[in-house]
Amino acid sequence: MSGPVTTEDVPLDAGCGEPEAPEVELLPSRDATVGGMAVRRALPRRQRRTVGAWCFADHFGPVGPSAAMRVGPHPHIGLHTVTWLVDGQVVHHDSLGSEQVIRPGQLNLMTAGHGVSHAEESPGDHAGDLHGVQLWVAQPEATRHGPPAFEHHAELPRISLGAAAATVLVGEVGGERSPARADSPLVGAELAGRRGRSVVPLEAGFEHAVIVLEGEVTVGGTSIAPGALAYLGEGRESLTIDAAGAMRALLLGGEPFTEDIVMGWNFVARSRDEIARAATDWNAGHERFGTVASGLARIPAPDLPG
Ligand code: MN
């Protein structure tokens, strides 16, 4: 059967006003490889560069112990890295001298500012599965030229929202505030639960998105599974999530980031020149990036024309 459209496509009484905005915009993630591990890259996508100041989201695993993470020393500028694990362990070493094992339920947040470098690898004695996310938050102009920093949060606030509980990684959910640093109005939370409905209070001035890590959820009639970014737009005061079974998802949101960012390799800046300078500095061993105590080989920057 083919056209014309029927009342199943367009109801006769749809009216002639503003088209109703779709409740959920599903953007498929891109398959990529980082340090030998397959990742689903939910951000940035051509159709959507940022959600609030969140500008990068890689979902890795679950993978077995044979697929260890080995990411050698590499630099960052102008962003925070946010690491969150569902399963496994990762050791973080950085140029500030930090050495930190991160486990599920804990948060690592590194601020790059004008320059930092770090390495991440599976601990040698750990033979388990690995599953988690690596996120970046673009720093605003006010802090992006500042000093680097590192935070580890072993305990984070949790709040029950019906069938699911939220762990607040960054910002605030339902009055529970994370101790993690945020340089712009931002929220990041993990929602984990069982079959049933959860209602998540949202900041209406933020835009939001959901990345499902395990299971499948439904938002406004749209089914969301791992391997996609579900963009929810702005102006929502709450998010209703239905799950037919166990689920785990990441809620990301924030005030729409209005600064025009340029991303290149591991850098977030405002111009191609800044990116090219950072790459040149890293390859020349410039002191802005320090040194990392890691047995892994340093990762050279590719050619990044200014
Ligand atoms: Mn990194």
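All values derive from a computational prediction rather than experimental measurement. (Residues numbered from 1 in each chain as written. Predicted model: local features only at pLDDT ≥ 70, side-chain atom pairs only at ≥ 80, totals over all residues. Heavy atoms only, no water.)

### Observations regarding the pattern of salt bridges
Turning to step 1, where the next piece is worked out: Applying the stated rule across the entire model yields 14 salt bridges.
Turning to step 2, where the next piece is worked out: Of the charged contacts, one joins E141 and R144 as a salt bridge, the two residues approaching to 2.7 Å between their closest N and O atoms. A residue pair is termed a helical-turn pair when its members lie 3 or 4 positions apart in one helix, as E141 and R144 do in helix α1 (residues 141–144) at 3 residues.
Turning to step 3, where the next piece is worked out: Given the relative accessible area of 38%, E141 is considered partly exposed.
Turning to step 4, where the next piece is worked out: Classification of R144 by relative accessible area gives buried; the value is 7%.
Turning to step 5, where the next piece is worked out: The closest approach of N and O atoms between R270 and E259, which form a salt bridge, is 2.6 Å. Linking R270 in the loop between β25 (267–269) and α2 (272–283) with E259 in the loop between β23 (247–254) and β24 (262–264), this pair joins segments that are 11 residues apart in sequence.
Turning to step 6, where the next piece is worked out: The exposure class of R270 is buried, given its relative accessible area of 19%.
Turning to step 7, where the next piece is worked out: Residue classification places E259 among the partly exposed positions, given a relative accessible area of 26%. (Salt bridge = Lys/Arg side-chain N within 4 Å of Asp/Glu carboxyl O. Helix = DSSP H or I, 4+ residues; strand = E, 2+ residues; numbered from the N terminus. Buried < 20%, exposed > 50% of the residue type's maximum accessible area, 1.4 Å probe, protein only.)

### Structural notes on the sheet that holds strand β6 (residues 79–87)
Turning to step 1, where the next piece is worked out: Pairing in this open sheet of 7 strands is antiparallel, and the strands run β2-β3-β4-β11-β6-β9-β12 from one edge to the other. Looking at the sheet topology across the chains shown, the edges are occupied by β2 (30–34) and β12 (149–153). The sheet shows a mean angle of 20 degrees between the axes of neighbouring strands, taken without regard to direction. (Pairing = 2+ DSSP bridges. Axes fitted to C-alpha atoms, helices over the stretch in contact; angles between N-to-C directions.)

### Looking at the sheet that holds strand β10 (residues 116–121)
Turning to step 1, where the next piece is worked out: The 4 strands lie next to each other as β5-β10-β7-β8, forming an open sheet whose pairing is antiparallel. The sheet is open, and its two edges are formed by β5 (70–76) and β8 (99–102), each paired on a single side. Pairwise comparison of adjacent strand axes, ignoring direction, gives a mean angle of 20 degrees for this sheet.
Turning to step 2, where the next piece is worked out: Note: β5 against β10, 5 bridges, orientation antiparallel. Bridge pairing in β10 links H76 to V116.

### Considerations on the nonpolar core
Turning to step 1, where the next piece is worked out: With 36 residues, the main nonpolar core has W54, L135, I211, L229 and V268 as its most contacted residues.
Turning to step 2, where the next piece is worked out: Looking at which element gives the most residues to this core, the answer is strand β11 (residues 130–138), with 5 residues.
Turning to step 3, where the next piece is worked out: Of all hydrophobic cores here, the second largest spans 26 residues; its members include A166, V173, F206 and A243. (Core = buried A, V, L, I, M, F, W, Y, C linked by side-chain atoms within 4.5 Å.)

### Topic: the coordination of the manganese ion
Turning to step 1, where the next piece is worked out: Distances from the manganese ion to its protein donors, H74 (NE2), H76 (NE2) and H118 (NE2), fall within 2.1 Å.
Turning to step 2, where the next piece is worked out: If you list the donors of the manganese ion from N- to C-terminus, the spacing comes out as H-x1-H-x41-H. Pair check on accessibility: H74 and H76 agree, each one buried. (Donors = N, O, S within 2.8 Å, 3.2 Å for Na, K, Ca; no water.)

### Regarding the confidence of the model for the chain
Turning to step 1, where the next piece is worked out: Averaged over all residues, the pLDDT of the chain equals 92, while 91% of them reach at least 70.
Turning to step 2, where the next piece is worked out: Within the model, pLDDT remains below 50 along residues 6–19, and this stretch shows 2 contacts once partners closer than five positions in the same chain are excluded. (pLDDT = per-residue confidence, 0-100. Contact = heavy atoms within 4.5 Å.)

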